[in-house]
2 protein chains.
Amino acid sequence: MPNTKNSTRRRGKKLEDAVLSAAWNLVNEVGYKDFTMSEVAKRANAAKPVLYRRWSEKSELVASAIIKYGPKIDVSIPDTGSLREDLIKLFSQLLVIFDTFGTEKLHGLLSDRLKSIPVDKILNATSSENKLTEMIMAVLKHSDDRGELDIKNITSRIINLPGILLINEVVEHEAMDKKTIEDIVDRILLPVFLGQKKAADNN
Amino acid sequence: MPNTKNSTRRRGKKLEDAVLSAAWNLVNEVGYKDFTMSEVAKRANAAKPVLYRRWSEKSELVASAIIKYGPKIDVSIPDTGSLREDLIKLFSQLLVIFDTFGTEKLHGLLSDRLKSIPVDKILNATSSENKLTEMIMAVLKHSDDRGELDIKNITSRIINLPGILLINEVVEHEAMDKKTIEDIVDRILLPVFLGQKKAADNN
DNA sequence: TAAAATAGTATACCGTAGTATCTTAAAATG
DNA sequence: CATTTTAAGATACTACGGTATACTATTTTA
């Protein structure tokens, strides 16, 4: 504590913040591909090993910077009484991600992260406390309560489907708009979710 | 190293084959991550620029080698009279890929390819006549002929779904077995495809 | 057959991710 | 306050993907 003023050498959180801030600025200036670790180090007046001591690879540093300085996603779980509306609202909360970053940033980040982690972890990591699958699960629980589906039949593959579709949109298309969301919900998600009907519904 | 007496300089297909063969051996020995272009060049007694003149990046060379020396995929389009059986057969044809390669090879290849091309192109890739989406389309056409769905309602997003699910399995799981295929077909693909019903079916 | 175009050879080079090493400031411990 | 421990600084290094260049063998063409 008595050091803060005169200290020439930053440590811990101070240093970490400086690096994350530099990383955030840089990724916004040059995008993901041209983002280099050396440049971040230079801008933060830090040494490269400092970066690698905290983030094991480029994509992790960028992900951290986005989590800290990127758009905050509304984490509220919609409960409108309609599965369709709930899903649309949930997806719409994610639109801000597309609005903030171009495809290039998301795309590059995605392929690099894919190198080290499985798909279902990608979304959780990027938004830390905002686990998409948990939110999906909550929405489906409400639907189950209304007797529209049987949540016991919802497998992990099905739970992951929204995330996968989201990632696919990132990779494949420039943007995700309201119309795309409705298309995904109506043509894919609802048929899949509601296809897992309660046994009583079957005959 | 100057040529010993009668060493002719290889060109065209001869040279290409030597490189592909070396690449195939190498990727099987060391996997994708430790596969280096320099080592391929060395083994094929070729110069690096020769590789890059034909394949623009590492992932392309590896993909080419797999297409040439890897398992031949049955490209026949099933037509059993049942959409479910057709889809299961189609997916089962792809099992051989998982059997032949470990996840590491597919995983690394996938993330590198993702860097330069969109998801829906990954499977079609240089494999010329083996386009998954075309086969899906044919199977769906048969189903349409039987009046089970309306093919006009099948959007590109829906057509790409099988490929996306396949890629997801590559990334996320060790293997894809019969049970997985049935799960994907019954719980996801059939609900989605059959959800796009003909207007006449609506009661 | 001679010239021109094509494409392989050899090698040096660049940029970046990521690591190793050695020194030194600052914090923790006692 | 002295000692020990932690972690930053500085810098050099390795490995690899991919490119550039200069040279030369082979094929094409006229």
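Residues numbered from 1 in each chain as written. Chains lettered and ligands numbered in written order. Predicted model: local features only at pLDDT ≥ 70, side-chain atom pairs only at ≥ 80, totals over all residues. Heavy atoms only, no water.

With respect to the interface of chain B and chain A
The interface of chain B with chain A comprises 30 residues on the first partner and 30 residues on the second. Of the roughly 2600 Å² buried between chain B and chain A on both sides combined, carbon and sulfur atoms contribute 58%. One can count 5 salt bridges joining chain B with chain A. On inspection of chain B and its partner chain A, the count reaches 8 residue pairs in polar contact (both at pLDDT 80 or more). Considering every element that reaches the side of chain B that touches chain A, the biggest residue donor is helix H10 (residues 156–172) of chain B, with 10 residues. Looking at the side of chain B that touches chain A residue by residue, the classes come out as 13 nonpolar, 9 polar and 8 charged. (Contact = heavy atoms within 4.5 Å. Buried area = accessible area lost by both parts, 1.4 Å probe. Salt bridge = Lys/Arg side-chain N within 4 Å of Asp/Glu carboxyl O. Polar contact = N/O pair within 3.5 Å; in protein donor to acceptor, adjacent residues only side chain to side chain. Helix = DSSP H or I, 4+ residues; strand = E, 2+ residues; numbered from the N terminus. Nonpolar A, V, L, I, M, F, W, Y, C, P; charged D, E, K, R; others polar.)

Considerations on the UniProt feature "domain: HTH tetR-type" (unreviewed entry) in chain A
Mapped onto this numbering, the UniProt entry annotates "domain: HTH tetR-type" (unreviewed entry) at residues 13–73 of chain A. Taken end to end, residues 13–73 of chain A is 72% helix and 0% strand, and its two terminal C-alpha atoms sit 24 Å from one another. (UniProt positions renumbered as here; feature names shortened; annotations may be inferred.)

What about the UniProt feature "DNA-binding region" (unreviewed entry) in chain A?
In the numbering used here, UniProt assigns the feature "DNA-binding region" (unreviewed entry) to residues 36–55 of chain A. The distance from the first to the last C-alpha atom of residues 36–55 of chain A is 14 Å, and the span holds 70% helix and 0% strand.

Some remarks on the packing of helix H9 (residues 132–145) of chain A against helix H10 (residues 156–172) of chain A
Residue and element names in this part refer to chain A. At a minimum axis distance of 8 Å, the contact between H9 and H10 shows a crossing angle of 130°. Looking at the two axes, H9 sits oblique to H10. Judged by the sense of rotation from one axis to the other, the crossing of H9 with H10 is right-handed. Residues Leu132, Thr133, Ile136, Met137 and Leu140 of H9 touch H10, and the partners they reach there are Ile159, Asn160, Pro162, Gly163 and Leu166. (Axes fitted to C-alpha atoms, helices over the stretch in contact; angles between N-to-C directions. Parallel < 35°, antiparallel > 145°, perpendicular 65-115°, else oblique. Left-handed = near helix turned anticlockwise from the far one by under 90°.)

Let's talk about the side chain of A:Thr180
Looking at where A:Thr180 falls in the secondary structure, it is placed in helix H11 (residues 178–195). Take A:Thr180: its relative accessible area is 12%, and that puts it in the buried class. In terms of polar contacts, A:Thr180 uses its side chain to reach the side chain of A:Asp177, at 2.7 Å. Not counting residues up to four positions away in its chain, the partners in contact with A:Thr180 are A:Glu169 and B:Arg157. (Buried < 20%, exposed > 50% of the residue type's maximum accessible area, 1.4 Å probe, protein only.)

Considering the environment of B:Leu109
Residue and element names in this part refer to chain B. Its place among the elements puts Leu109 in helix H7 (residues 103–116). It is 8.8 Å that separates the C-alpha atoms of Leu109 and Glu60, two residues lying 49 residues apart in sequence. In this view, Leu109 contacts Tyr32, Ser59, Val62, Ala63 and Ile66; residues no more than four positions away in its chain are not counted.

Re the protein's contact with DNA strand D
DNA strand D sits among 23 residues. The nearest are A:Arg11, A:Arg53, A:Arg54, B:Lys48 and B:Pro49. Taken together, the sugar and phosphate atoms account for 61% of what DNA strand D places within 4 Å of the protein. Interatomic distance of 2.8 Å between a side-chain N/O atom of A:Arg54 and a phosphate oxygen of DNA strand D. Here B:Phe35 contributes a backbone N or O atom positioned 3.3 Å from a phosphate oxygen of DNA strand D. Elements supplying a minimum of two residues to the surface near DNA strand D: helix H1 (12–30) and helix H3 (48–54) of chain A together with helix H3 (48–54) of chain B. The dominant element in the surface near DNA strand D, judged by the number of residues it contributes, is H3(A), at 4 residues. Its residues placed into classes, the surface near DNA strand D shows 9 nonpolar, 4 polar and 10 charged. (Near = heavy atom within 4 Å.)

Describing the nonpolar core
Formed by 128 residues in total, the largest nonpolar core has its most connected members in A:Leu61, A:Phe193, B:Leu61 and B:Phe193. For A:Leu61, the contacting residues outside a window of four places in its chain are A:Val19, A:Leu20, A:Ala23, A:Phe35, A:Met37, A:Val40, A:Leu51 and A:Trp55. (Core = buried A, V, L, I, M, F, W, Y, C linked by side-chain atoms within 4.5 Å.)

Thoughts on the domain arrangement of chain A
All names here are of chain A. The assigned domain composition of chain A is domain 1 (12–69) and domain 2 (83–201). Each of domain 1 and domain 2 was reduced to a C-alpha centroid, and the two centroids are 29 Å apart. Across the contact, 14 residues belong to domain 1 and 12 residues belong to domain 2. Around 1100 Å² of area is buried between domain 1 and domain 2 when both sides are counted, 64% of it from carbon and sulfur atoms. Among the residues domain 1 hides against domain 2, the three largest losses belong to Tyr32, Ile66 and Ile67. Together they make up 47% of the total. Seen at the junction of domain 1 and domain 2, the total is 0 salt bridges. Along the contact surface separating domain 1 from domain 2 lie 3 residue pairs in polar contact (both at pLDDT 80 or more). (Domains from an automatic or database assignment.)

Re unusual backbone geometry
Residues and elements named next belong to chain A. Phi angles above zero are rare outside glycine, and Asn45 is one such case at about 50°. Among the secondary structure elements, Asn45 is positioned in the loop between helix H2 (37–43) and H3. Judged by relative accessible area, Asn45 falls into the exposed class, the value being 65%.

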